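Listed here are the chains, written in short residue letters.
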Amino acid sequence: MLKQFAVLLKKDIKLIIRHKFLLVMLASLVIYSLYINFIYVSEGTKPIETNIYVLYEEQEQNLTSENGYITTVEDEEALINALEMDSDGIGIRIDKSGNPDSVILYHVSEKSDNLKALYGLNRVIDGYDGLEVPISYLQKGDLELKQRATMASVIIFFEIAAISFLGVAALFFKEKSMGVIKLYGILPASKVLYISSKVLLFLVLEIIFAVLMCLLNVGVEYSLQILPQVVLQVILLSPIMVLLGFLFALVYNNLKQFIFAYTLIIVMVTSPVFLFVTTSLEWDGIYALPTYYAYSSLYNAMLGNPNPILLYSLACIVTILGLTITNYNLMKREIERG
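Residues numbered from 1 in each chain as written. Predicted model: local features only at pLDDT ≥ 70, side-chain atom pairs only at ≥ 80, totals over all residues. Heavy atoms only, no water.

As a further point, take the packing of helix α1 (residues 2-18) against helix α7 (residues 191-217). Taken N-terminus to C-terminus, the directions of α1 and α7 make an angle of 50°; their axes are 9 Å apart at the nearest point. Between α1 and α7, the interaxial angle falls into the category oblique. Our pair here, α1 against α7, has a crossing hand that is right-handed. In this structure, α1 uses Gln4, Phe5, Leu8, Leu9, Lys11, Asp12, Ile13 and Ile16 to contact α7, whose residues at the interface are Leu193, Tyr194, Ser196, Ser197, Lys198, Leu200, Leu201 and Phe202. Classifying every residue of the contact of α1 with α7 gives 10 nonpolar, 3 polar and 3 charged. (Axes fitted to C-alpha atoms, helices over the stretch in contact; angles between N-to-C directions. Helix = DSSP H or I, 4+ residues; strand = E, 2+ residues; numbered from the N terminus. Parallel < 35°, antiparallel > 145°, perpendicular 65-115°, else oblique. Left-handed = near helix turned anticlockwise from the far one by under 90°. Contact = heavy atoms within 4.5 Å. Nonpolar A, V, L, I, M, F, W, Y, C, P; charged D, E, K, R; others polar.)

This part takes up the environment of Thr50. Take Thr50: it is sitting in the loop between α2 (21-44) and β1 (52-56). Placed 70 residues apart in sequence, Thr50 and Gly120 show a C-alpha to C-alpha distance of 8.3 Å. Beyond its immediate chain neighbours, meaning those up to four positions away, Thr50 contacts Tyr69, Asp88, Gly89, Ile90, Lys116 and Tyr119.

Take the packing of α7 against helix α11 (residues 310-337) next. One can describe the packing of α7 onto α11 by two numbers: an axis separation of 10 Å at closest approach and a directional angle of 120°. One element, α7, and the other, α11, form an angle in the oblique class. Two packed elements cross with a definite hand, and for α7 against α11 that hand is right-handed. Contacts between α7 and α11 involve Lys191, Val192, Tyr194 and Ile195 from the former and Thr324, Asn327, Tyr328, Met331, Lys332 and Ile335 from the latter.

On the secondary structure map, Glu334 appears in helix α11. Under the relative-accessibility criterion, Glu334 is labelled buried at 7%. Here Lys176 takes part through its side chain, which lies 3.1 Å from a polar atom of the side chain of Glu334. If near-sequence neighbours (up to four positions away) are discounted, Glu334 is found in contact with Lys176, Ile181 and Leu250. (Buried < 20%, exposed > 50% of the residue type's maximum accessible area, 1.4 Å probe, protein only. Polar contact = N/O pair within 3.5 Å; in protein donor to acceptor, adjacent residues only side chain to side chain.)

So this is what it looks like as structure tokens:
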């Protein structure tokens, strides 16, 4: 059995290399890493729609903005508590004469901090004259690291959901055109091993991709902290997406028909998750999508706050077993049909 599995795995590896699938993954890694390091982070640090918390000394004022991003707090304790809950926020003290006394931030970088302070003052004070206001820091923040981890989680999830889903289908249809599937109707080969070799191959590739994505974009020190949980999420998610891709490849007759399922699942199911998990937008329907829980688990693992894993792991294992049985039966039907 081990020898047969090794032969199947070797065959799949040769197909992956021959059709330059590894180059696609490498290109994705390089392009996305360049985007995170040179475009996303620099754009993401701009304080657009950042929450602003204002403390007026001995004044009773109700300050609101047209977008609801400015909040008046009652005292110093409320101001500090608000910033502790919202590390990206801006705290501004206004003295008795109505002039800014200080700006309170979580420290990120000098350039980013000055930009945020200027932004907050211009939003709160009409006709702000640009006079320098001292900045006070609560502690070192992690805004840039959070942004890097957030985008890295999006890319890793997309790589698992999209590339594995499409890759295993392309592999299957290629083998089908080569007559490999027909041989399984003649030879005493194990269908489970055939499926397992593809699951293992894509799982290893996705783990390598996730590890490199973390190391290149969130740094070695932070990566060492989060990688055990991130790799665990990949181990749970990758087989599901590979088995789903394999299932739809067995349902459809060719790759052109398969593209419909690919578009439906990737665009319609994963896109809302990225939109409503990583932004302030709200939609109750998001909780009905299984991909919401899959991405949330990976996202929180990337931020160093992993979700309770037991129930989620059990759900993933049950799903993997169910998909394996379904694929086994569908492949048996495909062989008999051939």
